[in-house]
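Structural characterization, general
Single-letter residue listing:
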Amino acid sequence: MAKAFFRLQKFLRRTQFLLFFLTAAYLMAGSLLLLQRTRLVIQQGSRGPSANQALPALDGMAGVGIVDPRTLQNPRPGPRLLVGMDALQEPALDQRHSPRWLVSRNSELRQLRRRWFHRFIGDQEPMQAAGFKAMKHTAEHKGTYMGCFSDDSRERTLKGAVFYDLRKMTVSHCQEACAERAYTYAGLAYGAECYCGNKLPAAASKPEECNSECKGEKGSVCGGVNRLSVYRVEDLQAEARRRRNVIYRGCFRAPENLTDTFPASLIQPNLTVEMCSEFCSKKEFPLAVIRGRECYCGYPTGRFSLRDGADRLLCSGMHNASSVAEGKYCLVYQTPVQDTRCTDRKFLTTKSKVFVALSSFPGAGNTWARHLIEHATGYYTGSYYFDGALYNKGFKGEKDHWRSRRTICVKTHESGKTEIEMFDSAILLIRNPYKSLMAEFNRKYAGHLGYATDRNWKSKEWPDFVNSYASWWASHVLDWLKYGKRLLVIHYEDLKQSLIPKLKEMVEFLNMTVTEDRLLCVENNRDGNFKRSGAKQKDFEPFTQEMKDLINRYILTVDEALRGRNFTGLPREYVPR
């Protein structure tokens, strides 16, 4: 009996030691996992380091060609003149202090940013019924709540204008935006999307199905999944009318049959521009056309394309409708209403077999080109990066993985053999380096829509920026010419001057066909949401003679390289200043 008891006691001691060891190992493993997750959350929350933070650079990223600013620790004041393609090699220096926006070159941080974004989206689940009871349609929203309605993206009723704001969407913001554009109804969906229109959706839904909280307003309902919270905003229109923009488009020869050309019309003895614009806005047409006492509403079409304007003298008293000679000429105004014939966009239903890049140097108009391509083809464009500001403006391809092949093409500012050879073909967008450098400097210090201040331009940052980024403008083009498999070169200035012909080239390169009316709609909405506003300095020349000498050498090098590949050389306005 004593022997058996001794064996049992010995076994228990061993088991106790084993349990203690396993418990300690478990706690250590849990602590390490917790530390790792904490570090990941910190990195995700930061969405990129500060300007002074040291970043590791990936091996093999440096392109062949003019020295890339991503390889410079301290940009040199005067890089040597580059002659020919064989003289473009320069030693790479310490990469720890690359420019701030080049954070995206670090693939690990880029992956963390994407995970952070998708996690943010995933965490914002529609609120349950218990939470829905706490939300209410407060009186401060001013508009009249009409109810919860079904939202079919294929047959959307509120399609006059569309706005997104992933972080700050509120009911009031949506109402004011729609009222300012002369719409009667404002609808919100998914907590972050705003739709405007003049017709109430037909299919009503249960109130509890609108259960998404507004991203920028706790306790308020902003629709749901395929559900719209709809408000009537007529009471706000009187106040918003003062802020409305009615743009004069010019004097044009009237088409032979105005009734056939324009879907809606009004005859008023004392017709004014405001009366005609209000009438056409209610009908959801972007053009208000005035001929004497007659007001016509419609779109730019093949019959009336707005390309060939008449002499202003033929519309003498152009802002006084009654003074226009009846029959021959008419006044044309752009109403606050958006042309919706080309605003519907979607992801590709099947994966694209050809992986196409939309490549440009920063500040060369890539966002504008994406706007044109999306509205012309009806498909979203993707991005090698993620930009929340662009996503909020409707570029939904921003949050899609850049290699998903669900988008018509992918934005990239990358260069170098590895990054270029990933793509089967590319549209290479080139802009005057003087304009590109200024645009990117403005974006760096004032965002997509603002202008850098005098203090920014006069600081040490500007000459450092030019010294490093000017060479990158050249190396970007040279790398794509060298490693690109199939290229379509588009000059920004040509696209701006001859929009329809150049856009047709881009669409055909993407193996798409579009109607003439859709292209005219794109032309009518050509600016998009990213035209800079604010106080632009007149006769402002930020470039010193030393900077001009540097940039001009790069211009000559790129021009020679383009001609050597049988492409059209740089436009004349690039010629050294």
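Residues numbered from 1 in each chain as written. Predicted model: local features only at pLDDT ≥ 70, side-chain atom pairs only at ≥ 80, totals over all residues. Heavy atoms only, no water.

Put simply, the test is: UniProt positions are given in the numbering used here, feature names are shortened, and annotations may be inferred rather than shown by experiment.
Within an unreviewed UniProt entry, the label attached to the protein reads WSC domain-containing protein 1, and the organism entered is Leptosomus discolor. Looking at the protein in UniProt, the text filed under Sequence similarities (unreviewed entry) is "Belongs to the WSCD family."

**Side note on the pattern of salt bridges**
Two side chains with opposite charge may pair up if their charged atoms get near one another. For the record, the criterion: A side-chain nitrogen of Lys or Arg and a carboxyl oxygen of Asp or Glu constitute a salt bridge if their distance falls within 4 Å. Only DSSP runs of H or I covering at least 4 residues are called helices, and only runs of E covering at least 2 are called strands; the numbering of each starts at the N terminus. The cut-offs for exposure are 20% and 50% of the maximum accessible area for each residue type, with area from a 1.4 Å probe on protein chains only; residues under the lower value are buried, those over the upper are exposed, and the others partly exposed.
If you walk through the whole model with that rule in mind, you get 15 salt bridges. With a closest N to O distance of 3.4 Å, Glu-516 and Arg-307 form a salt bridge. Of this pair, Glu-516 sits in helix α16 (residues 516-524) while Arg-307 is found in the loop between β11 (294-298) and β12 (329-334), placing the two residues 209 residues apart along the sequence. Residue classification places Arg-307 among the partly exposed residues on the basis of a relative accessible area of 41%. Of the charged contacts in the structure, one is a salt bridge between Arg-563 and Asp-559, with a shortest N-O distance of 3.1 Å. Of this pair, Arg-563 and Asp-559 both sit in helix α17 (residues 545-564), four residues apart, which is roughly one turn of the helix.

**Focus: the packing of aromatic side chains**
We count it as follows: Between the rings of Phe, Tyr and Trp (Trp by its six-membered ring), a pair exists once the centres lie within 6.5 Å; its type follows the angle of the planes, with under 30 degrees stacked, over 60 edge-to-face, and the other angles tilted. Charge-over-ring contacts are defined here by two conditions on Lys NZ or Arg CZ: a distance within 6 Å of the ring centre and an angle within 35 degrees of the ring normal.
Here the structure, examined in full by the defined rule, presents 26 aromatic pairs. Seen in terms of ring centroids, Phe-285 and Tyr-299 are 5.4 Å apart; in terms of plane orientation they differ by 70 degrees. Their pairing is edge-to-face. Of this pair, Phe-285 sits in the loop between α7 (273-282) and β10 (287-291) while Tyr-299 sits in the loop between β11 and β12; the two residues are 14 residues apart in sequence, bridging distant segments of the chain. What links up through ring pairs into an aromatic cluster is the set Phe-361, Tyr-434, Phe-441, Tyr-445, Trp-457, Trp-462, Phe-465, Tyr-469, Trp-472 and Phe-543. One residue, Arg-431, lies across the ring of Tyr-492, its end atom 4.2 Å from the ring centre. The lysine or arginine in question, Arg-486, covers the ring of Phe-509, its NZ or CZ lying 4.1 Å from the ring centre.

**Quick word on the layout of surface pockets**
For clarity, the cut-off: The rule is simple: put a 1 Å grid over the protein atoms alone, call a set of points where a 1.4 Å probe fits but cannot get out a cavity, call an open set with protein on both sides within 12 Å along at least five of seven lines a pocket, and count a residue as lining if it has an atom within 4 Å of a point. Grid points are joined across faces, edges and corners, and a volume is the space filled by probe spheres set on the points. Side-chain classes are defined by residue name, with Ala, Val, Leu, Ile, Met, Phe, Trp, Tyr, Cys and Pro counting as nonpolar, Asp, Glu, Lys and Arg as charged, and the others, Gly among them, as polar. A domain assignment, automatic or from a database, supplies the domain bounds used here.
In this structure, the second largest pocket spans a volume of roughly 710 Å³. For the lining of the second largest pocket, the per-class residue count stands at six nonpolar, six polar and eleven charged. Residue contributions to the lining of the second largest pocket reach at least three from each of two domains, namely domain 1 (144-232) and domain 3 (356-531 + 542-574).

**Quick look at the environment of Lys-142**
Within the element layout of this structure, Lys-142 appears in the loop between α3 (129-134) and β1 (144-150). C-alpha separation for the pair Lys-142 and Glu-176, spaced 34 residues apart in sequence, amounts to 9.7 Å.

**Brief notes about the packing of helix α15 (residues 499-509) against α16**
This is how it is decided: Helix axes are fitted only over the stretch in contact, all axes being lines through C-alpha atoms; the angle between N-to-C directions runs from 0 to 180 degrees. Each angle gets one of four labels, with under 35 degrees taken as roughly parallel, over 145 as roughly antiparallel, 65 to 115 as roughly perpendicular, and the rest as oblique. Crossing handedness: left-handed means the near helix sits turned counterclockwise from the far one by under a right angle, and right-handed means the same turn made clockwise. We call two residues in contact whenever any of their non-hydrogen atoms come within 4.5 Å of each other.
Running from amino to carboxyl end, α15 crosses α16 at an angle of 120 degrees, the nearest separation of the two axes being 10 Å. Relative to α16, the element α15 is oriented oblique. Note that α15 runs across α16; the crossing there is right-handed. Here Leu-499, Ile-500, Leu-503 and Lys-504 of α15 come into contact with α16, specifically with Glu-516, Leu-519, Val-522 and Glu-523. Of the residues belonging to the contact of α15 with α16, the class tally is five nonpolar, no polar and three charged.

**Some points on the state of the cysteines**
Note the following rule: When two cysteine sulfur atoms lie within 2.5 Å, the pair is treated as a disulfide.
With the rule as written, the count across this model stands at seven disulfides. The disulfide that involves Cys-148 links it to Cys-210, with 2.0 Å between the sulfurs. An S-S torsion of about 90 degrees defines the bridge between Cys-148 and Cys-210 as right-handed. Linking Cys-148 in strand β1 with Cys-210 in the loop between β4 (193-197) and β5 (213-214), this pair joins segments that are 62 residues apart in sequence. Here Cys-148 matches Cys-210 in class, with each residue buried. Here Cys-178 is linked by a disulfide to Cys-196, with a sulfur-sulfur distance of 2.0 Å. Every disulfide takes its handedness from the sign of the S-S torsion; for Cys-178 and Cys-196 that torsion is -75 degrees, giving left-handed. Here Cys-178, found in helix α4 (residues 171-180), pairs with Cys-196, found in strand β4; they are 18 residues apart in sequence, far enough to count as distant. By relative accessible area, Cys-196 is classed as buried at 0%.

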